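In case you want the letters, here they are:
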Amino acid sequence: MTQTRNLIDARGLRTDGRTPDELREIKIQIGVVKNADGSAFIEFGNNKIIVAVYGPREVHPKHMALPDRCVLRCRYHMSPFSTDTRKNPAPSRREVEISKVMRESLEPALMLEDYPRAAIDVFVEVLQADGGSRCAGITAASVALADAGINMRDIVTACAAGKVDERIVLDINDTEDKEGGADMPVAYMPHLNQITLLQLDGILSSDQFKECLDKALNGCKLIYEIQRSALMKKYFGSESEEIRDEQ
Amino acid sequence: MWDAISNGKRLDGRNLDELRTLNIELGIIKKANGSARVSLGNSEVVAGVKVETGEPFEGLENKGALIVSAEVLPTASPFIEPGPPDEETVELARVVDRGVRESEMIDLDKLALIPGEIVYTIFVDCSITNADGNLFDCTSYAVVSALMSCKLPVFEIQDNKVIDTGAIKSTPITTIPVSITAARIRDSIILDPTAEEEACMDARITITTNSDNNFTAVQKGATGTFTSEQIKNLLDTARVKGEEVRSKIKETTRIG
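Residues numbered from 1 in each chain as written. Chains lettered and ligands numbered in written order. Predicted model: local features only at pLDDT ≥ 70, side-chain atom pairs only at ≥ 80, totals over all residues.

*Asks:* Kindly report on the packing of helix H1 (residues 93–106) of chain A against helix H2 (residues 87–102) of chain B, identifying the contributing residues and their values.
*Replies:* Where H1(A) meets H2(B), the closest approach of the two axes is 9 Å, and the angle between their N-to-C directions is 110 degrees. Put simply, H1(A) runs roughly perpendicular to H2(B). Taking contact as the criterion, the partners of A:Arg93, A:Val96, A:Glu97 and A:Lys100 in H1(A) are, on H2(B), B:Glu87, B:Val90, B:Glu91 and B:Arg94. The residue inventory of the contact of H1(A) with H2(B), partitioned by class, reads two nonpolar, no polar and six charged. (Axes fitted to C-alpha atoms, helices over the stretch in contact; angles between N-to-C directions. Helix = DSSP H or I, 4+ residues; strand = E, 2+ residues; numbered from the N terminus. Parallel < 35°, antiparallel > 145°, perpendicular 65-115°, else oblique. Contact = placed C-beta atoms within 7 Å. Nonpolar A, V, L, I, M, F, W, Y, C, P; charged D, E, K, R; others polar.)

Below, the structure is given as structure tokens:
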């Protein structure tokens with residue numbers, strides 16, 4: 001994508017006033033969908049995404065069931081009103097691809113072998129889209145899976161980094177995605193130190209690639225703390241373990 | 001297979017970092033503006049380019065449109081049935097499309113006829129005729145080769161109508177993107193996996209480089225994971241191996 005204007009001003013601030021290493025504001029609420037086994041609502045900058053998890057439950061159609069483990073299904077969908085111009089509600093090729101990479105980024109964290117012959121469905125609905133909706137969706141989905149009580153090896157946390165005005169910046173927004181130089185979404189399991197999703201659009205040199213990957217991983221670690229405090233708040237009534245110990 | 005790979009050998013006798021034989025044939029479809037049949041080992045893809053005119057994409061009014069699609073034909077393997085594309089095929093087409101688009105392989109700025117109204121539309125359609133693993137790279141080489149050999153019809157605007165002058169010109173190519181796909185099987189990383197190897201791989205990653213040896217696209221796939229060190233080590237591999245494939249494509253398209 002060719003750039004037409006500067007996205008970082010003289011003071012080193014970005015279009016939304018952030019520094020190159022700053023995340024957008026992130027809020028996670030757990031248990032927002034009453035009927036679901038687990039759910040989460042995430043506000044990630046201007047992204048508003050609701051995730052509901054159903055399962056483990058019986059598999060339909062039945063022939064999809066696996067004898068030794070659970071089937072994970074994932075649907076990423078954008079509401080027609082979530083974008084600047086109305087989005088056709090039918091699933092686009094982009095949504096099919098994101099559903100697939102999302103499933104593949106969550107699966108390594110789940111102990112699917114604990115639920116043979118069952119299915120877990122993860123529905124990710126983007127109500128309002130900003131840049132980085134797949135990362136926000138993965139972040140919320142893994143919290144919702146934890147809320148559903150699914151056995152997990154680790155939480156999956158996701159964040160993008162990218163290149164804007166030849167500089168590597170954390171968590172690129174919609175404008176930076178459309179007008180900037182590169183976008184690299186990364187999903188990561190912080191305790192196991194494993195990358196579960198890595199994509200790149202745009203041109204990076206070898207050094208920029210490494211810087212970008214490290215920056216995204218740092219962002220993931222910051223987001224992990226937010227996921228953790230949301231879960232602590234829901235299940236222990238306070239945001240940190242220290243206060244709980246005192247009580 | 002695990003035993004072989006942990007001893008540094010593969011079932012087909014290749015080394016871990018060895019690609020299969022790449023064959024490129026150009027101009028096999030006379031009705032297309034550019035075409036290529038590419039085989040990588042037993043995987044085989046036919047790519048055809050059709051050039052038309054149409055409306056530009058929203059937000060890209062002054063650029064030509066480029067659309068890459070892929071279909072795994074029912075001929076390709078006993079496990080494929082006709083029908084709408086499944087997730088894997090959609091991912092394949094989008095990853096190949098991204099490799100060509102993000103590298104800015106074609107100078108689309110030169111392909112607007114009436115900016116905002118009529119532009120060149122380049123369709124690259126790929127048919128996978130035989131599937132034996134690493135369709136990402138095989139398809140991407142086919143798309144690149146077909147585009148390199150493609151001749152654009154010269155369109156002119158007369159009285160607000162598009163006229164095909166019958167003349168042809170070469171496609172404005174700026175760089176040659178080449179993808180390299182690696183698979184992790186347990187603790188070993190192998191390049192250019194066959195279908196058999198893909199069936200037991202833990203994770204897959206496709207890295208695309210351009211002629212300046214910069215990185216233009218990456219896609220991780222399958223349900224396994226990589227560490228950040230594994231990925232960083234693969235960056236150099238993707239450059240070196242990518243350069244080998246690039247010279248092969250260059251050599252073939254120059255003759256063709």
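The rest of the description comes next.
*Asks:* An account of the interface of chain A and chain B is requested, with residue identities and associated values reported.
*Replies:* Frequently, the measure chosen for interface size is the accessible area removed from exposure when the parts meet. Of the residues lining the interface, 25 residues belong to chain A; the matching set on chain B comes to 26 residues. Of all elements in the fold, only H1, strand S9 (194–204) and helix H4 (206–236) of chain A reach the threshold of two or more residues within the side of chain A that touches chain B. In terms of residue count, the dominant contributor to the side of chain A that touches chain B is S9(A) (11 residues). Taken together, the residues of the side of chain A that touches chain B sort by class into 11 nonpolar, seven polar and seven charged. With four bridges joining them, S9(A) and strand S12 (residues 215–221) of chain B adopt antiparallel strand pairing. Opposite A:Leu204, over in S12(B), you have B:Phe215 as the bridge partner. (Pairing = 2+ DSSP bridges.)

*Asks:* Let's hear about the sheet that holds strand S3 (residues 47–58) of chain A: which residues, and what values?
*Replies:* Residue and element names in this part refer to chain A. Read from one edge to the other, the open sheet built from five strands follows the order S1-S2-S3-S5-S4, with strand pairing classed as mixed. Each end of this open sheet is capped by a strand with a single partner; those strands are strand S1 (26–30) and strand S4 (71–78). The average angle at which neighbouring strand axes cross in this sheet is 15 degrees, direction not considered. The pairing of S4 with strand S5 (residues 118–128) spans eight bridges and is parallel. Bridge pairing in S5 links Cys74 to Val122. Where H1 meets the sheet, its contacts fall on S4 and S5, and the angle it forms with S4 comes to roughly 140 degrees.

By themselves, these figures tell us nothing about what the structure is for.
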